[in-house]
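Read off the chains here:
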Amino acid sequence: MNVMQIAERATATATAKMTARGVQVHYGENHALKDVDVDILAGTVTAFIGPSGCGKSTFLRCLNRMNDTVASARVTGEIRLDGEDIYDRRVDPVTLRARVGMVFQKPNPFPKSIYENVAYGPRIHGLTRNRAELDQVVETSLRKAALWNEVKDRLQAPGTGLSGGQQQRLCIARAIATAPEVLLMDEPCSALDPIATAQVEELIDELHTQFSVVIVTHSMQQAARVSQRTAFFHLGHLVEYGETGQIFTNPRDPRTESYITGRIG
Amino acid sequence: MTDASLPAAAPKSLLVADGRTRRRKAAETRFRLYGVAAIAIGLLALVFLLTSVLGNGVNAFRQTFVEIPVTLDEAVLDKTGTRDPKAMAKVTTVSYGKLIQQALEAELATRGIDTSALTEKQVMSLMSKEAPADLRRQVLADPLLIGQTITFDAFATSRVDGYFKGRVTMESASRDSNITPEQLVVAEAMAGAGLIETRWNWRFLTAPDASELRPEAAGLGVAILGSAYMMLIVLVLSLPIGVATSIYLEEMAPKNRWTDLIEVNIANLAAVPSIVYGILALALFINFMGLPQSAPIVGGLVLTLMTLPTIIIATRAALQAVPPSIRDAALGVGASKMQSIFHHVLPLAMPGILTGTILGLARALGESAPLLLIGMVAFVKDFPSAPPEGLMQPATALPVQVYQWTQRSDPAFVERASGAIIVLLTFLLTMNAVAIILRRRFERRW
């Protein structure tokens, strides 16, 4: 990989969309995340990298309170979305998740039609007033997810009948149909072949102009290809966070250097 | 350790089986034989059960009828001539019996059938004792029949019926106090003249039970209706309660000692002998709450209690089988817990839930022990009315009817009981078939 290219990639200086301060996560006795401070910038792709079990997925799931569904999980610290604490008692996690969407590691379309998969979010949030508007949202979302041309003739076919890569793009379309402000992606390409991976990466690159994207990945090449900023997690600590070019070319922490050169992890 | 210290391996050929391989193969063959033997024994038992039930029971659906023209004399049946049902109701079955007797004797005379060997009473007892009551019911239901001559279809008495079905022979009749060979000769002659005929008998399915002396008139009507009422109650109560309980326990309840305790108890309740539920129902519903005995409402409630654990366990298994990724997906697009359950998890679990419910219902349908304790074993001749009042009126149930009939001494009831078992098995097989079809139809892949 051409290192210079990464370094030259311009980072749009933007305001922080989400800020995390002193985030700690416990799963029962297990201290999974220790004192993490991160700013997620608006209109930016942020990559979380690190070895398995380092806490990057855990932190991602804090950002839309998906950890609430894990009974033993306890989150402390402060995470703000547009300056508002998302762990405030008054915050409804459901409303939060409509604004902070999520794409999972394994493609998980609902066992319904392609159309219903995408239309579900707008429908439950009442984002459209009539069928025509809903059709429009479905089409726009599928277009943004680069899936429209492949499925436009079979919108009523089951979403589970698509190939793995198409299913994952369907899940992305489903996530962006509710017009989130931040899109969280938990290893979205780990179950995909290289061609599908390339399509999804291209997609991420297009999407970040509309909202912030946070992506957890095991592939350092992928982080380098798609992200503007990278955070390296190790053993529950945020080791280093900065511009992708700087992390990959000139890491400040020796652990980061060891990881990206393949000595640990 | 060096290579030299390892035992030298003898050169082996793949084509020659050594002792270990032969023993392993023999064990596999033996195990396969055990399996085949077990299945064969099971199939044999099933074949034996079906042949014995079908062999005994099929005849219950056919019945021997005596068909004679009866003139409904106005002078006997409606002295006032007003056709007023109240006045006509004062005429008892005795008068109807005489009318039938005259008609029968007249018909036998015109057909030239010799009855000189029989007393009048013996001639009359070729016909069921239920006949006068049948005729009376017919006339009261339609007073305009009076004055006409109608073709009256009466049940032949159970011994005559048995003779035409091969259960009774001339030889057994000579030792029977209820019938004589001479009577059978007359019956044979009547059959030759077309007065006696054996044919399909709907009244086995629609008529109420009859007394011990009239097995030919006994039917399953009240039992089928009672069972249907109870199944209705069980379905209406246990499905919503069971599904709601399962959803709460599986999806919402915190996992702690209390919910563990509840889980263990539900699992244990599923294994409680059904007669224990009968005692509970007797104490709770009848003695404490004062609900009527023998009523489908009580039967339905006790069967609901019995079915609930089955439904809860089946529903929880079905909910657990829905992959968590579906829940994540729904929560991820901003669905609430309830929305994710009702829009996604429950529809996916539906085939499992329905299968469990139908199997639970099938078990409840075949249950007799708890019903005995709440008095559904009573002799019930009147149909319960339509729900909801009918739920409080006495009824019986199919399995209890089987139990009752097998207790009676007349061999004709053995045939009836087997017939009732066939009806019960038909319902059960239908329900299981529906369960299988539902599972196939709604099964989805993810």
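What counts and how
Residues numbered from 1 in each chain as written. Chains lettered and ligands numbered in written order. Predicted model: local features only at pLDDT ≥ 70, side-chain atom pairs only at ≥ 80, totals over all residues. Heavy atoms only, no water. Helix = DSSP H or I, 4+ residues; strand = E, 2+ residues; numbered from the N terminus. Rg over C-alpha atoms; globule rule 2.2 N^0.38 Å. Buried < 20%, exposed > 50% of the residue type's maximum accessible area, 1.4 Å probe, protein only. Contact = heavy atoms within 4.5 Å. Areas by Shrake-Rupley, 256 points an atom, 1.4 Å probe, with all protein chains shown as cover. Lys, Arg positive; Asp, Glu negative; His and termini not counted. Charge placed at Lys NZ, Arg CZ, Asp CG, Glu CD. Pairing = 2+ DSSP bridges. Axes fitted to C-alpha atoms, helices over the stretch in contact; angles between N-to-C directions. Buried area = accessible area lost by both parts, 1.4 Å probe. Salt bridge = Lys/Arg side-chain N within 4 Å of Asp/Glu carboxyl O. Polar contact = N/O pair within 3.5 Å; in protein donor to acceptor, adjacent residues only side chain to side chain. 1 Å grid on protein atoms, 1.4 Å probe; cavity = no way out; pocket = protein on both sides within 12 Å on 5 of 7 lines; lining within 4 Å. Points joined across faces, edges and corners; volume = space filled by probe spheres on them. Nonpolar A, V, L, I, M, F, W, Y, C, P; charged D, E, K, R; others polar. Domains from an automatic or database assignment. Phe/Tyr/Trp six-rings, centres within 6.5 Å; stacked < 30°, edge-to-face > 60°. Core = buried A, V, L, I, M, F, W, Y, C linked by side-chain atoms within 4.5 Å. Expected span 1.5 Å × (residues − 1). Bend = angle between axes of the 7 residues up to and from the residue.

Asker: I would appreciate a short explanation of the overall build of chain A in the present structure.
Answerer: For chain A, the count of helices and strands is 11 helices and 10 strands. Relative to a compact globule of 265 residues, whose C-alpha radius of gyration would be 18 Å, chain A shows 18 Å and is just as compact. Principal-axis analysis of the C-alpha atoms gives chain A an extent of 55 × 45 × 35 Å. A total of 265 residues make up chain A; the buried ones form 54% of that total. In chain A, 67% of the contacts between residues at least 6 apart in sequence involve partners at least 24 apart. As displayed, chain A offers around 11,500 Å² of accessible surface, 48% of which is attributable to carbon and sulfur atoms. Positive and negative side-chain charges of chain A, numbering 29 and 30 respectively, have mean locations separated by a distance of 4 Å.

Asker: Explanation requested: the sheet that holds strand β1 (residues 62–71) of chain B in the structure shown.
Answerer: Residues and elements named next belong to chain B. An order of β2-β1-β3 is seen for the three strands of this open sheet, with the pairing classed as antiparallel. The strands lining the two open edges of the sheet, one partner per strand, are β2 (149–155) and β3 (196–200). Going across the sheet, the axis of each strand differs from the next one's by a mean of 40°, ignoring polarity. Two elements, β1 and β3, share five bridges in a ladder whose sense is antiparallel. Within the sheet, the bridge partner assigned to Val66 lies in β3 and is Ile196. Against the sheet, helix α4 (residues 93–111) makes contact with β1 and β2, and its axis sits at roughly 90° relative to β1, the strand it touches most. Strands in contact with helix α6 (residues 131–141) are β1 and β2; relative to β2, the strand with the most contacts, it is inclined by about 135°.

Asker: Even after reading the chapter, I still don't get the interface of chain A and chain B, so can you show me in this structure?
Answerer: Reports of interface size often rely on the accessible area that becomes lost once the parts have come together. Listed by partner, the interface residues are 20 residues for chain A and 18 residues for chain B. Taken together, the two surfaces of chain A and chain B that pack against each other cover about 1,600 Å², and 63% of this comes from carbon and sulfur. When the buried area of chain A at its contact with chain B is split by residue, Phe110, Pro111 and Tyr120 of chain A rank highest and sum to 31% of it. On the surface where chain A and chain B come into contact, there are zero salt bridges. Connecting chain A to chain B are six residue pairs in polar contact (both at pLDDT 80 or more).

Asker: Any chance you could explain empty space enclosed by the protein here in plain terms?
Answerer: Which parts of space are left empty comes out when a probe the size of a water molecule is rolled across the atoms. Residues and elements named next belong to chain B. Applying the stated rule across the entire model yields one cavity of 30 Å³ or more. One number sums up the size of the largest cavity: a volume of about 30 Å³. Every element with two or more residues in the lining of the largest cavity is listed here: α7 (158–165) and α19 (412–442). Here the residues of the lining of the largest cavity sort into two nonpolar, two polar and five charged. Two domains each donate at least three residues to the lining of the largest cavity, and these are domain 1 (61–201) and domain 2 (221–442).

Asker: Any chance you could explain the side chain of Gln246 of chain A here in plain terms?
Answerer: Within the secondary structure, Gln246 of chain A is located in helix α10 (residues 244–249). Residue class for Gln246 of chain A comes out buried when judged on its relative accessible area of 18%.

Asker: What's the story with the packing of aromatic side chains in this structure? I'm lost.
Answerer: Centre distance and the angle of the planes are the two values used to describe a pair of aromatic rings. All names here are of chain B. With the rule as written, the count across this model stands at 12 aromatic pairs over all chains. Seen from their ring centres, Phe61 and Phe204 are 5.2 Å apart, and the 85° between their planes marks the pair as edge-to-face. Of this pair, Phe61 sits in the loop between α1 (19–57) and β1 while Phe204 sits in helix α10 (residues 203–206); the two residues are 143 residues apart in sequence, bridging distant segments of the chain. Pair check on accessibility: Phe61 and Phe204 agree, each one buried. One aromatic cluster is present, formed by Phe61, Trp200, Trp202, Phe204, Trp405 and Phe413 through successive ring pairs.

Asker: How do you make sense of the domain arrangement of chain B when you look at a structure like this?
Answerer: All names here are of chain B. The domain boundaries assigned to chain B delineate domain 1 (61–201) and domain 2 (221–442). The C-alpha-based centres of domain 1 and domain 2 are spaced at 44 Å. Domain 1 puts nine residues into the contact, and the matching count from domain 2 is eight residues. Contact with domain 2 buries area across many residues of domain 1, yet Phe61, Arg159 and Arg167 alone supply 60% of it, more than any other trio.

Asker: Sorry if this is basic, but what is going on with the environment of Thr310 of chain B here?
Answerer: Residues and elements named next belong to chain B. Inspection of the secondary structure puts Thr310 in helix α14 (residues 296–321). Taking C-alpha positions, Thr310 is 31 Å from Ser52, a pair spaced 258 residues apart along the chain. Look past the residues within four positions of Thr310 in its chain and what remains in contact with it is Gly360 and Arg363.

Asker: Please clarify how the nonpolar core should be interpreted in this entry.
Answerer: Across soluble globular proteins, nonpolar side chains show a tendency to be buried alongside one another. Residues Leu220, Leu303, Leu371, Ile374 and Trp405 of chain B are the most contacted members of the largest nonpolar core, which totals 55 residues. Every element with two or more residues in this core is listed here: α11 (221–252), α13 (274–288), α14, α16 (337–365), α18 (398–407) and α19 of chain B. Here the element with the most residues in this core is α19 of chain B; it accounts for 10 residues. Apart from residues no more than four positions distant in its own chain, Ile374 of chain B is found in contact with Gly278, Ala281, Leu282, Ile286, Gln293, Ser294, Val298, Gly299 and Val302 of chain B. Residues Ile114, Leu155, Leu192 and Ile247 of chain A belong to the second largest nonpolar core, which totals 45 residues.

Asker: I keep staring at α13 of chain B and nothing clicks. Help me out?
Answerer: Because each turn of an α-helix spans 3.6 residues, side chains separated by three or four positions end up pointing in the same direction. Residue and element names in this part refer to chain B. Here α13 spans 20 Å end to end across 15 residues, near enough to the 21 Å set by a 1.5 Å rise per residue. At Ala281, α13 shows its maximal kink, close to 30°. Within α13 the residues assigned to the buried category are Ser274, Tyr277, Gly278, Ala281, Phe285 and Ile286. Summarising the contacts, the buried residues of α13 are in contact with α12 (257–269), α14 and α17 (369–373). The first or second residue beyond α13 is Gly290, which carries a positive phi of 75°.

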